[in-house]
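# Structure assessment
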Amino acid sequence: MLVKQLSVFMENRPGRLYKLTHALGKEGIDFVTLSIADTKDFGIVRFIARDNERAYTILKNEGFTVGITELIGVEVADRPNALAEVVQLMEESSINIEYLYSFVLTNHNTAKILMRVNETERALRLLEEKGIKLLSEKIL
Amino acid sequence: MFSPEIETAKREEIRALQLERLKKIVAYAYERVPMYRQKFDAIGLKPEHIRTLDDVRHIPFTTKDDLREHYPFGMFAVPMKKIIRLHASSGTTGKPVVNGYTRKDLDDWSTCIARILTMAGATDEDIFHVAFGYGLFTGGFGLHYGIEKLGATVVPVSSGNTERQIMLLKDFGATALIATPSYAMYLAETAKKMGVLNDLKIRLVCMGAEASTAEMHEALHQLLGAFPTENYGLTEVGGPGVAGECREKAGMHINEDMFYAEIVNIEQNRVLPEGEKGEMVITTLTKEGMPVLRYRTKDITSLTYAPCKCGRTTARMSRVVGRTDDMLIIRGVNVFPSQIESVLMAMPELGKMYEIVVDRKNYMDILEVHVEVGDANLLTDYSKLEALVEKIRHNLRVVLQLDVKVKLVEPFSIRRAEGKVKRVTDLRK
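Nothing here was measured: the structure is a model prediction, and the numbers come from that model.

Regarding its fold elements, chain A presents 4 helices and 7 strands. Relative to its 140 residues, chain A shows a buried fraction of 23%.

Below is the structure:
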């Protein structure tokens, strides 16, 4: 069970993020998540849209370099240390988290964590063994 | 003056010597270098047809492509046993232009350099800090032996490690600096930053390998309190030492006993009169190892034969104002856009559009390559993009021997031109 995320190459200069968000916005596509790290010359904008497939096609047509990445998504209780427990689990098994971001939906009392790791299959098994709830795109 | 008998000879004496040597070198090249024999035979030209200096116009040009075609030793006029040194310049697709020197060639070369340093104001009491690269590049060794011939002291520092260079400049008390204009400026600025500018004793800066401007000379003079001069040469005709500026700084005196220079309008195949700008064409008059007849330098300049205030009577060339082709000179290194293109196009991760931006910051040339990212698979990790930048930098360094700033840009962000694409933006001009 993996969550599809779109990754878009973006130069760090004014107007670029607007171009991306507007390209999807004017087509009525909602973002579920969006993550951008601060970088120097260029970066990767990562997001999940309500309709990933359409978003992918739209951006492709607009000339963006866009890729699809599969992430592990887990749901944890919205309480202190919940994230730490998931991270600890990866750490103990020497699985490297390449990046991670989390979000909380307003009408839920759970937090959602999305992460990309170097050993996806093993991480999934571990999470399942521990009974941690995995997310699919639909649950988002 | 290092060779007053030549440097102050009457014009007619210089021309007589040039004619005598021209006839000799033409016959020599015709006999010993198959390419010249073929070129002459193809148009029915015989060495004995060259009776006056003006007859030089009948000789076909030699181009860089000719030299590359005969890589590595096809242009040599003597057996390898007679060649005691090889040098080479960077080439477009990895094939450099090679030059080979006999013992006499090296001796003549040092004489040319000694003259140029003397006219710049150097004496045998100077201590020369040579910051040109030592290696296949003609600059380092060329200057080195000329300084020895002059009888001055050589500090063969070579290039790199600027702070250490400044320490040595200070500790050894160098009075003269040999560097590219951009590196001379960078050294001076760094010395200023380090707070040791006033401890330096540099009184002369002899610059070559890339063109400089009057503004840069002035800035260097202000900063270092030293007298900057420029000199000219190119690997194809032996390296530095073709011409150099005297204290009057009214053009570069050509070593006319060794080189015959013409200014040519290539399109019209016409030798231009004194004072007119065109491409400089050089014939080596004394080279044994690799004689070159009418080499097209691609450098745009003009000549004057008027005697100089310094007392010299040799012809002077003005500073090179530009080049007839698209070659870039970055920190003294020849760079062709086609070299960059070949590197980028060989990488499937990249898009097919790129642009080259050349700028000068703190008097150092900066080469920046913008290239579009084509492969979406790289987007899984930021580190893959970083690795890609590193890979491009590495591949460019292998070919250009230069550090290049690489910038990944979005697809379609590089302007598409209708018709001929302008790939290079040179902000130095």
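With that settled, the discussion passes to the interface of chain B and chain A. Counting residues at the interface gives 16 residues for chain B, matched by 14 residues for chain A. Elements with a minimum of two residues in the side of chain B that touches chain A: α11 (382-400) and β21 (405-409) of chain B. Residue composition of the side of chain B that touches chain A, grouped by class: 9 nonpolar, 4 polar and 3 charged.

All names here are of chain B. The N-to-C vectors of helix α8 (residues 181-193) and helix α9 (residues 214-224) enclose an angle of 30°; their axes lie 10 Å apart at closest approach. Our classification of the angle between α8 and α9 gives roughly parallel. Along this stretch, α8 crosses α9, giving a crossing that reads as left-handed. Only M216, A219, L220, L223 and L224 of α9 make contact with α8, whose side of the interface consists of P181, A184, M185, A188 and K192. Of the residues contributing to the contact of α8 with α9, the split by class is 9 nonpolar, no polar and 1 charged.

Turning to helix α10 (residues 337-345) of chain B, its buried residues are Q339(B), I340(B), V343(B) and L344(B). Buried residues in α10(B), looked at end-on, bunch into an arc of 130°, giving them a common side.

This part is about unusual backbone geometry. Residues and elements named next belong to chain B. For the peptide bond that leads from Y71 to P72, omega is -5°, which places it in the cis range. Among the secondary structure elements, P72 is positioned in the loop between α4 (64-69) and β1 (85-88). Phi at N362 takes a positive value of approximately 50°, unusual for a residue other than glycine. Counting through the fold element by element, N362 comes out in the loop between β19 (350-361) and β20 (364-373).

In this section: the pairing of strand β6 (residues 110-117) of chain A. Residue and element names in this part refer to chain A. Relative to β6, strand β4 (residues 66-77) is paired through 6 bridges, and the arrangement is antiparallel. Bridged to A77 within β6 is T110. Examined bridge by bridge, strand β5 (residues 97-104) and β6 share 7 bridges and lie antiparallel to one another. When the sheet's bridge partners are listed, V104 is paired in β6 with A111.

As a further point, take the nonpolar core. Residue and element names in this part refer to chain B. Grouped together as the largest cluster of nonpolar side chains are 89 residues, with contacts concentrated most on A184, I202 and V205. For I202, the contacting residues outside a window of four places in its chain are L169, A174, T175, A176, L177, L224 and A226. Listed in part, the 48 residues of the second largest apolar core include Y354, V369, L378 and L408.

Another point: the sheet that holds strand β8 (residues 239-245) of chain B. Residue and element names in this part refer to chain B. A sheet is described by the order of its strands in space; here 9 strands give the open sequence β4-β3-β5-β6-β7-β8-β9-β15-β14, paired in mixed fashion. Both outer strands of the open sheet, β4 (153-155) and β14 (303-304), are each paired with one neighbouring strand and no more. Here β14 runs beside strand β15 (residues 316-317); their pairing, made up of 2 bridges, is antiparallel. The partner of T304 across the bridge, within β15, is R316. The sheet contacts of helix α5 (residues 103-119) involve β6 (204-207), β7 (227-234), β8 and β9 (252-254), and relative to β8 the element is tilted by about 25°. Lying over the sheet, helix α6 (residues 138-150) contacts β3 (127-130), β4, β5 (176-179) and β8, oriented at roughly 60° with respect to β8.

This paragraph deals with the confidence of the model for chain B. Across chain B, the average pLDDT comes to 91, with 95% of residues at or above 70. Scored by ipTM, the complex comes to 0.75, with pTM at 0.64.

On to helix α7 (residues 162-172) of chain B, then. Residue and element names in this part refer to chain B. Considered for burial, the residues of α7 that qualify are Q165, I166 and L169. For α7, the angular spread of buried residues about the axis comes to 100°, placing them on one side. In α7, the exposed positions that point more than 90 degrees away from the buried face belong to R164 and D171. For α7, the secondary structure elements touched by its buried residues are β3 and α8. Looking one or two places after α7, you find G173, whose phi comes out positive at around 65°.

Procedures and definitions
- For every chain, the first residue of its written sequence is number 1, and the numbers climb from 1 along that sequence.
- Written order determines the labels here, with chains lettered from A and ligands numbered from 1.
- Only residues with pLDDT of at least 70 are given local features in this predicted model, and only at 80 or more are side-chain atom pairs given and counted; all residues enter the totals for whole chains, interfaces and linings.
- Under the scheme used here, helices are H or I runs from DSSP no shorter than 4 residues and strands are E runs no shorter than 2 residues, and both carry numbers assigned from the N terminus.
- Residue burial here comes from a neighbour count, namely the number of other C-beta atoms, placed from the backbone, that lie within 10 Å of the residue's own C-beta, with 20 or more meaning buried, 12 or fewer meaning exposed, and in between meaning partly exposed.
- Two residues qualify as a contact pair if the distance between their C-beta atoms, derived from the backbone, is within 7 Å.
- Under this grouping Gly is polar, as are all residues other than the nonpolar Ala, Val, Leu, Ile, Met, Phe, Trp, Tyr, Cys and Pro and the charged Asp, Glu, Lys and Arg.
- The angle between two axes is taken between their N-to-C directions and runs from 0 to 180 degrees, where each axis is a line fitted to C-alpha atoms and a helix contributes only its stretch in contact.
- An angle below 35 degrees is read as roughly parallel, one above 145 as roughly antiparallel, one from 65 to 115 as roughly perpendicular, and any other as oblique.
- What makes a crossing left-handed is the near helix being turned counterclockwise from the far one by less than a right angle; a clockwise turn instead makes it right-handed.
- As used here, the arc is the angular range of directions from the helix axis to the C-beta atoms.
- DSSP bridges decide pairing: two strands pair if at least two such bridges lie between them.
- The nonpolar core criterion groups buried Ala, Val, Leu, Ile, Met, Phe, Trp, Tyr and Cys residues into a set whenever they are joined through C-beta atoms within 7 Å.
- Known as pLDDT, the predictor's confidence for each residue is given on a scale from 0 to 100.

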